[in-house]
Amino acid sequence: MVDQPAHLVAALFTSFTLMGAMLRFFPLPKRLSARVRPYAGTGGLPWVASDPGAPFGRTAGSAPVRLFGPMVLAAAHGVGRIADRMGEGQLILRLRQARFYAGLEDRDRVASYRLAVLGTAATVAGMGAGVMLALRQSTLMVLAAAVSGGFVGSFRVRGRLDRAVEQRRSMMKIEIPTINQLLAIRVRSGSGVMHAVGEMTARGRGEVIGELGTALRMHRSGMSAAQAFRRIAEITPESYCARTYKLLASSDEMGVDLAAGLRVLADDARRARREDLRRSAVKRRSAMLVPTIAILAPVMLLFVAAPLPQLVLGWT
């Protein structure tokens, strides 16, 4: 029989579900700020969030957001710090490398990521607690399932971030030799650094092209070309791309032989790619031996050892 605390947990879940359904079918009345915001800045409107790109910026005029928003953000930052044992600066770098929340500022990126961690942890925790309640387990089992689900949900978002960074790194490692070769051809034909980069970004697409486009936009907004290339070299997840961007910056500042350097970097990247493929092939070949050793070898040994009792001991 379910005890009293389990009834309390079930009542809380039911209350939150009903509250969400009421807000969905009976929304709060719209405020004047939503109509005025497209035509006025946020500086003279005290009821509008000062940062419209923030996670709660679009609905900052609603009473539930003003009431529960700071508490939710504080809880999200607490859960995020437990799930991610990294500083805010390293987290910002990882989010930039994964291209998560690209349209937001750094502070809002961190807040959005923390909210995603909190939401996933709460969802998985609620599912675990709901399953235990449906099975009519004890309160201890319900709490254990909720805590375990919270940990699994929080680390799930971290795993998705790491996989996104690794996927971008793999794609950039494939693209960078071709990009370097094409840039070397354009530079050798007489184009300047920024002109060659502009032609590449206008005609190509991909992860490396996206970072070169970011450097080009930084340069057009007033930053020098060397500073723009060094900036993207600091945030790129691939080391060969960082070397390429630093070479472009040095060429813009000191006029080094850019074409020769780009060809050397392209050859190095291709050799590194071949080594990675060779190591991957060795690992896959080793993995193919596991079924042979684990399944076929015991069966063969059984057939070989089956007649031994009769030959040695004379058993029939």
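Just above, that's the structure.
Residues numbered from 1 in each chain as written. Predicted model: local features only at pLDDT ≥ 70, side-chain atom pairs only at ≥ 80, totals over all residues. Heavy atoms only, no water.

Trainee: Quick rundown of the packing of aromatic side chains? Include the residues and the values.
Mentor: Scanning all chains against the criterion turns up two aromatic pairs. Residues phenylalanine 100 and tyrosine 101 carry aromatic rings whose centres are separated by 6.2 Å and whose planes lie at 80 degrees to one another, so their mutual orientation is edge-to-face. The exposure class of tyrosine 101 is partly exposed, given its relative accessible area of 31%. Between phenylalanine 151 and phenylalanine 155, the aromatic rings sit 6.4 Å apart at their centres with planes inclined by 15 degrees, giving stacked as the arrangement. Of this pair, phenylalanine 151 and phenylalanine 155 both sit in helix 6 (residues 139-188), four residues apart, which is roughly one turn of the helix. Given the relative accessible area of 44%, phenylalanine 151 is considered partly exposed. (Phe/Tyr/Trp six-rings, centres within 6.5 Å; stacked < 30°, edge-to-face > 60°. Buried < 20%, exposed > 50% of the residue type's maximum accessible area, 1.4 Å probe, protein only. Helix = DSSP H or I, 4+ residues; strand = E, 2+ residues; numbered from the N terminus.)

Trainee: I'd like a rundown of unusual backbone geometry, residues and numbers included.
Mentor: A positive phi angle is found at arginine 99, which is not glycine, with a value near 65 degrees. On the secondary structure map, arginine 99 appears in the loop between helix 4 (88-98) and helix 5 (106-134). According to the relative accessible area criterion, arginine 99 is partly exposed, its value standing at 38%.

Trainee: Now, about the nonpolar core: what can you tell me, with residues and values included?
Mentor: In terms of nonpolar packing, the biggest core is built from 36 residues, with Val208, Leu212, Phe229, Tyr245 and Leu248 touching the most fellow members. For this core, the secondary-structure elements that each account for two or more residues are helix 6, helix 7 (193-203), helix 8 (207-220), helix 9 (225-235), helix 10 (239-254) and helix 11 (258-305). Here this core takes seven residues from helix 10, the largest share from any one element. Dropping the residues within four chain positions of it, leucine 248 is found in contact with Val193, Val197, Leu212, Phe229 and Leu258. In this structure, Leu91, Ile92, Leu95 and Tyr113 belong to the second largest nonpolar core, which totals twelve residues. (Core = buried A, V, L, I, M, F, W, Y, C linked by side-chain atoms within 4.5 Å. Contact = heavy atoms within 4.5 Å.)

Trainee: Any chance you could break down the packing of helix 8 against helix 9 for me, citing the residues and the numbers?
Mentor: Contact geometry for helix 8 and helix 9: axes closest at 9 Å, N-to-C directions at 145 degrees. Remark: the crossing between helix 8 and helix 9 carries right-handed chirality. Together, Glu211, Leu212, Thr214, Ala215, Met218 and His219 of helix 8 and Ala225, Ala228, Phe229, Arg231 and Ile232 of helix 9 make up the contact between the two elements. Considering only residue class, the contact of helix 8 with helix 9 consists of seven nonpolar, two polar and two charged. (Axes fitted to C-alpha atoms, helices over the stretch in contact; angles between N-to-C directions. Left-handed = near helix turned anticlockwise from the far one by under 90°. Nonpolar A, V, L, I, M, F, W, Y, C, P; charged D, E, K, R; others polar.)

Trainee: Let's hear about the environment of glutamine 181: which residues, and what values?
Mentor: Inspection of the secondary structure assignment puts glutamine 181 in helix 6. When its relative accessible area of 26% is taken as the criterion, glutamine 181 is described as partly exposed. Expressed as a C-alpha distance, the spacing of glutamine 181 and leucine 262, which sit 81 residues apart in the sequence, is 6.6 Å. In contact with glutamine 181, other than residues within four places in its own chain, are Arg263, Ala266 and Arg270.

Trainee: Explain helix 4 residue by residue, including any values.
Mentor: Listed as buried for helix 4 are Leu91, Ile92, Arg94, Leu95, Gln97 and Ala98. Of the surrounding elements, those touching the buried residues of helix 4 are helix 5, helix 6 and helix 9. Just downstream of helix 4, arginine 99 is the residue with a positive phi angle, here 65 degrees.

Trainee: Explain a nonpolar patch on the surface to me, using residue names and the numbers behind them.
Mentor: Judged by side-chain polarity, Leu308, Leu311, Val312 and Leu313 come together as a nonpolar surface patch covering roughly 440 Å² of accessible area. Tracing the backbone shows leucine 313 in helix 12 (residues 308-313). (Patch = residues over 30% accessible without salt bridge, like charges linked within 9 Å, V, L, I, M, F, W, Y side chains within 5 Å. Areas by Shrake-Rupley, 256 points an atom, 1.4 Å probe, with all protein chains shown as cover. Salt bridge = Lys/Arg side-chain N within 4 Å of Asp/Glu carboxyl O.)

Trainee: A description of helix 8 should follow, citing residues and the corresponding values.
Mentor: End to end, helix 8 covers 20 Å across 14 residues, agreeing with the expected 20 Å (1.5 Å per residue, within 8%). The elements touched by buried residues of helix 8 are helix 6, helix 7, helix 9 and helix 10. Two residues or fewer past helix 8, glycine 222 is found with a positive phi of approximately 125 degrees. (Expected span 1.5 Å × (residues − 1).)

Trainee: Hey, could you go over the pattern of salt bridges for me, with residue numbers and the actual values?
Mentor: Inspection of every chain in the model, using the stated rule, returns 16 salt bridges. Here aspartate 162 ties to arginine 94 by a salt bridge, and the two come within 2.8 Å at their closest N and O atoms. One end of the pair, aspartate 162, is in helix 6; the other, arginine 94, is in helix 4, and 68 residues separate them in sequence. Relative accessible area serves as the criterion here: at 19%, arginine 94 is assigned to the buried category. A salt bridge links arginine 107 to aspartate 108; its shortest N-O distance comes to 3.7 Å.

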